[in-house]
Amino acid sequence: MTFWDRLRQGVLGGLQPRSAQFDSGSAATNSIELTKRHPAVSLSKQGADTGSLRVNLSWRMRTSDIGGRQKHSGSLLGRPFKFFQPETVQAHTQGVVNVDLDLGCLYELRDGTKGVVQPLGGFFGDMNGPPYVKLSGDDRFGAPSGETVFINLDHREQIKRLLVFVYIYDQTPAFDRTQAVVTLYPSNGPRIEIPLDERAPQARSCAVFTIENGKDGLTVRREVKFVYGFQAELDRLYGWGLQWGRGYKTKA
């Protein structure tokens with residue numbers, strides 16, 4: 001029996017090729033991508049409004065910014081397997097150290113308390129007490145783990161709204177030179193992905209998504225609004241009303 005006979009028999013007998021097992025990207029990747037056409041998803045309706053919600057930021061340099069794939073045959077003679085290396089991996093290993101994106105979260109609690117969780121200024125938050133939002137640390141070099149914020153949804157009744165944002169620290173490339181994505185990992189159901197793939201060469205900050213605690217429970221809504229300023233401009237855009245000053249990081 002030839003390879004093609006075995007393949008045909010497998011399909012007709014009910015065994016599908018691996019590529020045919022999934023008809024949609026969400027089934028194959030167990031993820032939901034929030035877009036302009038489909039900007040919102042309910043955590044409560046999918047039973048994911050309890051436990052720890054993990055929010056991760058990861059990024060790479062765009063390949064075009066670091067020279068792209070080597071196309072000349074001479075460059076492959078010494079390293080023949082480089083041709084098969086994924087393009088994004090090349091970008092990650094060569095250019096990611098030039099980028100410093102930071103993940104932050106503006107919060108408003110039911111009792112009126114407002115504030116921010118972010119690396120700048122060392123406001124890392126608290127998981128078990130107000131604001132029930134905790135930043136894991138400050139990744140300045142684009143490590144595979146990226147930066148992560150944890151939200152304790154067991155205290156969702158104390159949370160009114162959250163705004164998760166990304167900003168670029170001083171003297172680093174702009175958003176249009178990176179491939180950044182923010183991914184939410186709920187306690188139940190598929191992960192939620194929000195790529196920051198719009199061109200905004202001069203933008204310094206981006207409001208990525210909000211979590212609103214309304215009458216229908218917790219809803220995640222895609223924002224992806226780029227601004228040319230920093231946290232104070234995001235504050236004005238969403239009406240937080242905080243007082244902002246100049247902040248600095250300690251040396252790495």
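As a reminder, the structure under discussion sits directly above these lines.
As a starting point, this report considers the structure included with it. (Residues numbered from 1 in each chain as written. Predicted model: local features only at pLDDT ≥ 70, side-chain atom pairs only at ≥ 80, totals over all residues. Heavy atoms only, no water.)

### Some thoughts on the side chain of Thr210
Here Thr210 is to be found in strand 12 (residues 205-214). In this structure the side chain of Thr210 is engaged in a polar contact, spanning 3.4 Å, whose partner is the side chain of Glu223. Apart from the residues lying within four places of it in its own chain, the contact partners of Thr210 are Leu162, Leu163, Thr219, Val220, Arg221, Glu223 and Tyr238. (Helix = DSSP H or I, 4+ residues; strand = E, 2+ residues; numbered from the N terminus. Polar contact = N/O pair within 3.5 Å; in protein donor to acceptor, adjacent residues only side chain to side chain. Contact = heavy atoms within 4.5 Å.)

### A few points about the nonpolar core
The biggest cluster of nonpolar side chains holds 42 residues, and the ones touching the most others in it are Val55, Ile151, Val166, Phe175, Leu184, Leu196 and Phe209. Residues Val116, Tyr167, Leu234 and Tyr238 belong to the second largest nonpolar core, which totals 12 residues. (Core = buried A, V, L, I, M, F, W, Y, C linked by side-chain atoms within 4.5 Å. Buried < 20%, exposed > 50% of the residue type's maximum accessible area, 1.4 Å probe, protein only.)

### Examining the pairing of strand 9 (residues 159-168)
Remember that side chains alternate between the two faces of the sheet whenever the strand is regular. Extensive coverage of strand 9 is indicated by the burial of 9 of its 10 residues. Note: strand 4 (residues 101-109) against strand 9, 9 bridges, orientation antiparallel. Counterpart to Leu103 in the pairing with strand 9 is Val166. Pairing analysis gives 7 bridges linking strand 9 to strand 12, with the strands arranged antiparallel. Residue pairing across strands places Leu162 opposite Ile211, the latter belonging to strand 12. (Pairing = 2+ DSSP bridges.)

### As for the sheet that holds strand 2 (residues 40-42)
Overall, antiparallel pairing links the 6 strands, which are arranged 2-13-12-9-4-5 in an open sheet. Of all strands in the sheet, those with a lone pairing partner are strand 2 and strand 5 (114-117), marking the two edges. Sheet twist, expressed as the mean angle between neighbouring strand axes with direction ignored, is 20°. Judged from the 9 bridges that link them, strand 12 and strand 13 (residues 217-227) form a sheet pairing that is antiparallel. Within strand 13, the position partnered with Gly214 by the bridge is Gly217. (Axes fitted to C-alpha atoms, helices over the stretch in contact; angles between N-to-C directions.)

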